[in-house]
Amino acid sequence: MIAEYTWLVPFIPMMCFLIIGIIGKKTPEKGGYIAIAGALCSFIIAVAISVEYLTGDAFANGDPITSQIEWFHIGDYTIHLGYYVDGLTCAMMLFSSFISTLIFIYSIGYMHDQGERKNRYYAEVSLFLTGMLGLIVSSNFLELFIFWEVMGLCSYLLIGFWSFRHDNGDEASANAASAAKKAFLVTRMGDVCLMGGLFIFLNLFMSLDYTTLFDNAAAVYAQDPELMTLGLLLIFGGVIGKSAQFPLHDWLPDAMAGPTTVSSLIHAATMVKAGVYLVARAFPLYVMDENVMLFVGIIGGVTAFIAATMALNNMNIKKVLAYSTISQLGYMILALGAGGYLWALGYEELGALGFFAGCFHMINHAFFKALLFMGSGSVIHGTGTEDMRLMGGLFKKMKITATTMLFGCLAIAGIPIFSGFWSKDLVIDIAMHAFEHGTDASVWFIILWVLAVITAFMTAFYMFRMWFMTFMGEPRENAQHCHGESPKTMTMPLVILAIFALISGLFMFFGLDKMLAVMGVQIDGAEEGLALFSNMFTYLTLILAVVGIAIAYLMYVKKTVDPGKFNKHGDSWLYKALTQRWWFPDLYNQISWKLGYGVAKGVNYIDRQIVDGTVNGLSGAVVGGGDSLSKVQTGHVQDYSSIVLIGISALAVIFLIIVAQLGGF
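Residues numbered from 1 in each chain as written. Predicted model: local features only at pLDDT ≥ 70, side-chain atom pairs only at ≥ 80, totals over all residues. Heavy atoms only, no water.

**Considerations on the packing of aromatic side chains**
In this structure the tally under the stated criterion is 34 aromatic pairs. When the centroid spacing of 5.1 Å and the interplanar angle of 65 degrees are considered together, the rings of Trp71 and Phe72 count as edge-to-face. Exposure remark for Trp71: the relative accessible area of 39% places this residue in the partly exposed category. Between the aromatic rings of Tyr106 and Tyr110, the centroid separation amounts to 5.9 Å while the plane-to-plane angle is 20 degrees, which identifies the pairing as stacked. With Tyr106 and Tyr110 both in helix H4 (residues 87-110) and four residues apart, this pair spans about one turn of that helix. Each member of the aromatic cluster is reached from another via a ring pair, and the members are Tyr84, Phe141, Phe201, Phe205, Tyr210 and Phe214. We note Arg188 situated over the ring of Phe184; from NZ or CZ to the ring centre the distance is 4.5 Å. (Phe/Tyr/Trp six-rings, centres within 6.5 Å; stacked < 30°, edge-to-face > 60°. Buried < 20%, exposed > 50% of the residue type's maximum accessible area, 1.4 Å probe, protein only. Helix = DSSP H or I, 4+ residues; strand = E, 2+ residues; numbered from the N terminus. Lys NZ or Arg CZ within 6 Å of the ring centre and 35° of its normal.)

**Description of a negative patch on the surface**
On the surface, Glu348, Glu349, Asp524 and Glu527 cluster together into a negatively charged patch. Tracing the sequence through the fold places Glu349 in helix H16 (residues 348-383). Accessibility expressed as a relative area gives 63% for Glu349, which makes it exposed. (Patch = residues over 30% accessible without salt bridge, like charges linked within 9 Å, V, L, I, M, F, W, Y side chains within 5 Å. Areas by Shrake-Rupley, 256 points an atom, 1.4 Å probe, with all protein chains shown as cover. Salt bridge = Lys/Arg side-chain N within 4 Å of Asp/Glu carboxyl O. Lys, Arg positive; Asp, Glu negative; His and termini not counted. Charge placed at Lys NZ, Arg CZ, Asp CG, Glu CD.)

**Structural notes on helix H19 (residues 443-471)**
If you check H19, its first and last C-alpha atoms are 43 Å apart, about what 29 residues at 1.5 Å a residue would give, namely 42 Å. Burial of H19 is extensive: 22 of the 29 residues sit out of reach of the surface. Gly473, located one to two residues past H19, shows a positive phi value of around 80 degrees. (Expected span 1.5 Å × (residues − 1).)

**A look at a nonpolar patch on the surface**
On the surface, Tyr5, Trp7, Phe11, Met14, Met15, Leu18, Ile19, Ile22 and Ile23 cluster together into a nonpolar patch covering about 810 Å² of accessible area. Here Ile23 shows up in helix H1 (residues 8-23). Given the relative accessible area of 40%, Ile23 is considered partly exposed.

Here you go:
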């Protein structure tokens, strides 16, 4: 069985990391071709495993293929290492390894001028891919957590890649270092929650293996629902941190300080998708509690809306895409939350539709977001700036980049038949189903549905605002000096991803619905896809998307609508709020200074004054006592005799006192 070699999927990139680190400097492109070969091999093996599983008896019976060995044993707890292959595993392996391969190929052109630094870059991205693929194929939550942390380390190193340029006083280096630390610390907050949830699960189930937890979820929840609910909420805390959900969403835009290829990896193939995958993987556990799934849905819907508002007036091409990623991740979490909520209430088919919508949108988003980020990298490579106000008129000079990015914009805006249309409308549709079939608390879902519809309008507007400002109109400062289209190593991946941005939505008609079945329940992809065209809400979101595109066209191409009138005197509260990212960075800084700094000072005082003070005091007493006693050593016999007599006298007095207390002899 090819599935027996599932462990090779993350193992090969890990070996590439070691090889590049050891001998990469002596190889062409400083290890770039080794990284590409490793990612490609992982993709080929993932294809073989997926074909075997999807055509085998296990898939037909709705069972996973899993194999484990004992790792270590502590008391009543046994921890295993192994792999777990089901439809979700196959889908994640395929798109993560495939898109990563294209990003590594793209890096050959984008990072060509980095000299010796390329060696470290290719080693780190290979380890990054190892973390994602290892997380996907893991057979238990502890194994998943280990690879989860590997990605956290790699994200810190790659976001801060420019901070290692050793250009003292360089603003870009300082920003990269600050962004890397912010990403590391914020995601660690979520990781602490995740670790706490795993401790609770280990206590409840005596195991962290997927099979054990999924098989016994109902019994354990019936026995201890409060503790199970707490564990699920803590696990979701990890998701909030890693997938940049409200209120821990602010680190992701700052992560744009890294190379654009790193941004593409984080946003499309790895990192932030891990949080969505964790909710999908733990779906059999989450459906035990409808209140938890309601909370998940609320966080997703609020995140989608807030992030979209922040992109409306941002002038940095990469940050616009970063906000769109946060917003689309919110869509995915909303779908999973609504689906889990319906499943918990007994609507299993609708629950499976929510699961499918969330995972389907994650796959489609991976393709068009990788395309958009690499397209923005091509623009930055040609113009030397990320500021869209310095671009314009680039369509004539960069036709391949412009056309492929147009495909990405159409996909994320939800225009038929591009990929985003199918999955985005399914997400919005499942939110409405949750309202129609839920309990009294389901009123939240009509609010979330309204937010999702408004978000669809804003998405179409700000994505085409970006495209029009970049490629249409008269060439502005940096665009006038653009050297033309990027090299083929950069444009070829763009063309491939543009094709997938066009057709990946059609996968739901050709077997993806069966691959993404959950707990033995699958949807009919063809039926659900065709049903979108008979749903009035589909046309509502489509009309709003077209209106958003039209407004962007009138503002930034025809110039018949002046964007400046919304902030004519520079005192618009809303404009300032969006520019300041709703003041979340200020809030985080205040919390850090008022709370974090205060706690740090308190810990420092305890460490220096109490812990160190006790140790230093004892050592000082010993040294001081030794110094005092050393003065007794005068070398004169009469002094020693006097000391002996004093000691005997003291002992005699003590003896007499004790005897007197005991009543005499």
